[in-house]
Amino acid sequence: MGHYGAYGGGGVALLQVEEYAAAARGLLAEDVWGFIEGGSGAEATLAANRAAYERVLLRPRVLVDVSRCATGITLLGAPMTMPVGIAPMAYHRLVHPDGELATAAAAGEAGVLLVVSMFSSATIEEVATAAAGPLWMQVYWLRRREVVAEVVGRAEAAGIGALVLTVDAPRVARRLRDARAGFALPPHARAVNVDPAVMATSHGAEAGSSAVQRHSLEQFDPSITWADLPWLRERTALPIVLKGIAHPDDARLAVDDGADAIIVSNHGGRQLDTMPAAIELLPPIAAAVGGRVPLLLDGGIRRGTDVAKALALGAVAVAVGRPVLWGLAVAGAHGVLQVLQTLQSELDSTLALCGCGSPADVTRDLVRLSGTVPGW
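Counting starts from 1 at the beginning of each chain's written sequence and moves along it residue by residue. Under the rules for a predicted model, residues below a pLDDT of 70 receive no local features and side-chain atom pairs below 80 are neither given nor counted, while totals for whole chains, interfaces and linings still include all residues. Where side-chain values are given, they derive from all heavy atoms of the structure, hydrogens and water being excluded.

Notes on the overall build of the protein chain
Numbering of helices and strands starts at the N terminus; helices are DSSP runs of H or I of at least 4 residues and strands are runs of E of at least 2. When its secondary structure is counted, the protein chain shows 14 helices and 12 strands. Each of the three principal axes of the protein chain carries a C-alpha extent, and together these read 60 × 55 × 40 Å. Expressed as a percentage of the 376 residues in the protein chain, the buried residues total 57%. Throughout, the Shrake-Rupley method with a 1.4 Å probe supplies accessible areas, and for residues the shown protein chains are the sole cover considered. Put simply, the protein chain shows about 14,600 Å² of open surface, and 54% of that area lies on carbon and sulfur atoms. Taking the 30 positively charged and 37 negatively charged side chains of the protein chain as two groups, their mean positions are separated by 5 Å. Between buried and exposed lies partly exposed: a residue is buried under 20% and exposed over 50% of the maximum accessible area for its type, with that area taken using a 1.4 Å probe on protein chains only. As used throughout, the charge tally considers Lys and Arg to be positive and Asp and Glu to be negative, leaving His and the chain termini uncounted. Note that the charge is assigned to NZ on lysines, CZ on arginines, CG on aspartates and CD on glutamates.

What follows is the structure, given as structure tokens:
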């Protein structure tokens, strides 16, 4: 891997998060890049996630004392330097040999939340040792429940702060970039927290087919319902966060069933295609929840202004996905840190220019919606 630090090819400074994408692409194999960047189907939702932010316009207040701006928040009892965390993403060693250990080190230095994927390519214990900030653990519901229970138990023993159950993936959607590439996971990128027998299919390449999708059809349990959630609650004292809520009625059910937080998400455009953009999903869910539990948002966050818009529309924090992997590919832990620091600097500036001294000052009145968006 190359090492750009805060510079791209030709010594050009990387001053925006999106600039890390081009630098990362030049370092990664085409099939790996497709796996990271791709969405499902025609990638309509993938494109919508970014486009929707352009329709949310900021409406600042003036003559407000912003000489002392602060970006910090507290989430489920854990202090964070800003309302930004790292979304759960599998197999960080696909893009850098230090993988999740580098990501955890950067998250700790930046003082932000890291949500570790069940399919991390470093062990839960290794990541917990490398981390110095808030740490949550994401799980999928597998057919072999004893595997899920083992991961949950190890996470709790390692000091993880919350458990994140992904609920929008009864199977992995058809992702054409992966199918065309015959994508399969290479030997150096293994889900080391899960029984190798459970993960074997994800490493078997077949022309015209995604090994990751085949693995999900084999191992993910598509039969789970709300009635199964008590099984998980009985096996952990950790707060439970449901990730992948997209409908207000499901948000109400989540709260009624005792969820401690909700992540509003369309899986970064990687599951059901033609869903609304993530930021479009947020306002009706915020109205349904009514502040009873914290709402997080992931999908399409690239700028500090995006974070402010999400806060104005009902989120208490956001989670960033692909940009973290771009930074990791470009410069390991330093690259991830640069991406996070860029977002914090942009958010700090956005808050000051909007007349907000902290994230708590951001209200719905800060944004104006351009055009007609259903449910807004």
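Quick look at the packing of helix H4 (residues 99-110) against helix H14 (residues 322-354)
Where H4 contacts H14, the two axes come as close as 7 Å, and the packing angle between them is 15°. Judged on the interaxial angle alone, H14 and H4 are roughly parallel. Remark: the crossing between H4 and H14 carries left-handed chirality. Here Gly99, Ala102, Thr103, Ala106, Ala107, Glu109 and Ala110 of H4 come into contact with H14, specifically with Val324, Leu328, Gly332, Ala333, Val336, Leu337 and Leu340. Residues are sorted three ways: Asp, Glu, Lys and Arg are charged, Ala, Val, Leu, Ile, Met, Phe, Trp, Tyr, Cys and Pro are nonpolar, and all the rest, Gly among them, are polar. Looking at side-chain class alone, the contact of H4 with H14 contains 10 nonpolar, three polar and one charged residues. To obtain each axis, a line is fitted to C-alpha atoms, and for helices this fit is confined to the stretch in contact; angles are then taken between N-to-C directions over 0 to 180 degrees. Angles below 35 degrees are treated as roughly parallel, those above 145 as roughly antiparallel, those between 65 and 115 as roughly perpendicular, and all remaining angles as oblique. Rotating anticlockwise by less than a right angle from the far helix to the near helix defines a left-handed crossing, while the corresponding clockwise rotation defines a right-handed one. Working rule for contacts: check all heavy atoms of both residues, and any pair within 4.5 Å makes them a contact.

Description of the packing of aromatic side chains
Any two rings among Phe, Tyr and Trp, with Trp reduced to its six-membered ring, count as a pair given centres within 6.5 Å; such a pair is stacked if its planes are under 30 degrees apart, edge-to-face if over 60, and tilted if neither. By the definition in use, this model includes six aromatic pairs. Look at Phe119 and Tyr140: their rings are 5.4 Å apart centre to centre, the planes differ by 25°, and that puts the pair in the stacked class. Separated by 21 residues along the polypeptide, Phe119 in the loop between strand S5 (113-116) and helix H5 (124-130) and Tyr140 in the loop between strand S6 (135-139) and helix H6 (145-157) bring together distant segments of the chain. Here Phe119 falls in the buried class, since its relative accessible area comes to 5%. With relative accessibility at 13%, the residue Tyr140 sits in the buried group. An angle of 25° between the planes, with centres 4.8 Å apart, marks the rings of Tyr140 and Phe220 as stacked. With Tyr140 in the loop between S6 and H6 and Phe220 in the loop between helix H9 (211-219) and helix H10 (229-233), this residue pair connects regions lying 80 residues apart in the sequence. When the ring centre of Trp231 is taken as origin, the NZ or CZ atom of Arg145, which lies over that ring, is 5.1 Å away. We count a charge as sitting over a ring when the NZ of a lysine or the CZ of an arginine lies within 6 Å of the ring centre and within 35 degrees of the ring normal. Seen from the ring of Phe35, Arg270 lies directly overhead, with NZ or CZ sitting 5.2 Å from the centre.

What about the pattern of salt bridges?
Salt bridges are identified by distance alone: a Lys or Arg side-chain nitrogen within 4 Å of an Asp or Glu carboxyl oxygen. According to the stated counting rule, one finds 19 salt bridges in the structure shown. Salt-bridge contacts for Glu30 lead to Arg25; the nearest nitrogen and oxygen are separated by 3.2 Å. By sharing partners, the salt bridges in this structure join Glu18, Arg50, Glu54, Arg303 and Asp306 into a single network.

A closer look at the sheet that holds S5
Reading around the barrel, the eight strands line up as S4-S5-S6-S7-S8-S9-S10-S11 and close back on themselves, with parallel pairing between neighbours. If you compare each strand with its neighbour and ignore which way they point, the axes differ by 30° on average. Should DSSP find at least two bridges between two strands, the strands are taken to pair. Sheet analysis places strand S8 (residues 240-245) next to strand S9 (residues 261-264), joined by four bridges and oriented parallel. From the neighbouring strand, Val241 faces S9, where its bridge partner is Ala261.

Digging into unusual backbone geometry
In this structure, Glu43 is a non-glycine residue whose phi angle is positive, near 65°. Looking at the secondary structure, you find Glu43 in the loop between helix H2 (30-37) and helix H3 (44-51). Glu43 sits in the buried class, given a relative accessible area of 19%. Within the chain, His267 stands out as a residue other than glycine whose phi angle is a positive 65°. If you trace the backbone, His267 turns up in the loop between S9 and helix H12 (278-289).

Considerations on the side chain of Gln138
In this structure, Gln138 sits in strand S6. Given a relative accessible area of 1%, Gln138 falls into the buried group.

Side note on the confidence of the model for the protein chain
Per-residue confidence for the protein chain gives a mean pLDDT of 95; residues scoring 70 or more make up 95%. Per-residue confidence from the predictor is reported as pLDDT, a score between 0 and 100. Confidence drops under pLDDT 50 across residues 1-5; counting only partners more than four residues distant or on other chains, this segment forms 21 contacts.

Concerning H9
All of the buried residues along H9 are Ala211, Val212, Arg214, His215, Ser216 and Gln219. Those residues of H9 that are buried lie in contact with H2 and helix H8 (196-199).

Details of H2
For an α-helix the count is 3.6 residues per turn, leaving residues at separations of three or four pointing the same way. Among the eight residues in H2, six count as buried, and that is most of the element. Taken together, the buried positions of H2 are Val32, Trp33, Gly34, Phe35, Ile36 and Glu37. Lining the buried residues of H2 we find helix H1 (19-25), H3, helix H7 (176-181), H9 and H14.

Observations regarding the nonpolar core
What we call a nonpolar core is a set of buried Ala, Val, Leu, Ile, Met, Phe, Trp, Tyr and Cys residues that are connected through their side-chain atoms within 4.5 Å. Core analysis: the biggest nonpolar cluster contains 113 residues, and Phe119, Ile262 and Leu297 have the highest contact counts within it. For Leu297, the contacting residues outside a window of four places in its chain are Tyr53, Val264, Ala278, Ile279, Leu282, Ala310, Ala315, Ala317, Val318 and Ala319. Of all hydrophobic cores here, the second largest spans 13 residues; its members include Leu75, Trp136, Leu296 and Ala317.

Focus: the environment of Ala310
Inspection of the secondary structure assignment puts Ala310 in helix H13 (residues 304-312). Residue classification places Ala310 among the buried residues on the basis of a relative accessible area of 0%. Considered as a pair, Ala310 and Val264 are 46 residues apart in the sequence and their alpha carbons are 11 Å apart. The residues contacting Ala310, other than those within four sequence positions of it, are Ile279, Leu282, Leu297, Ala315 and Val318.

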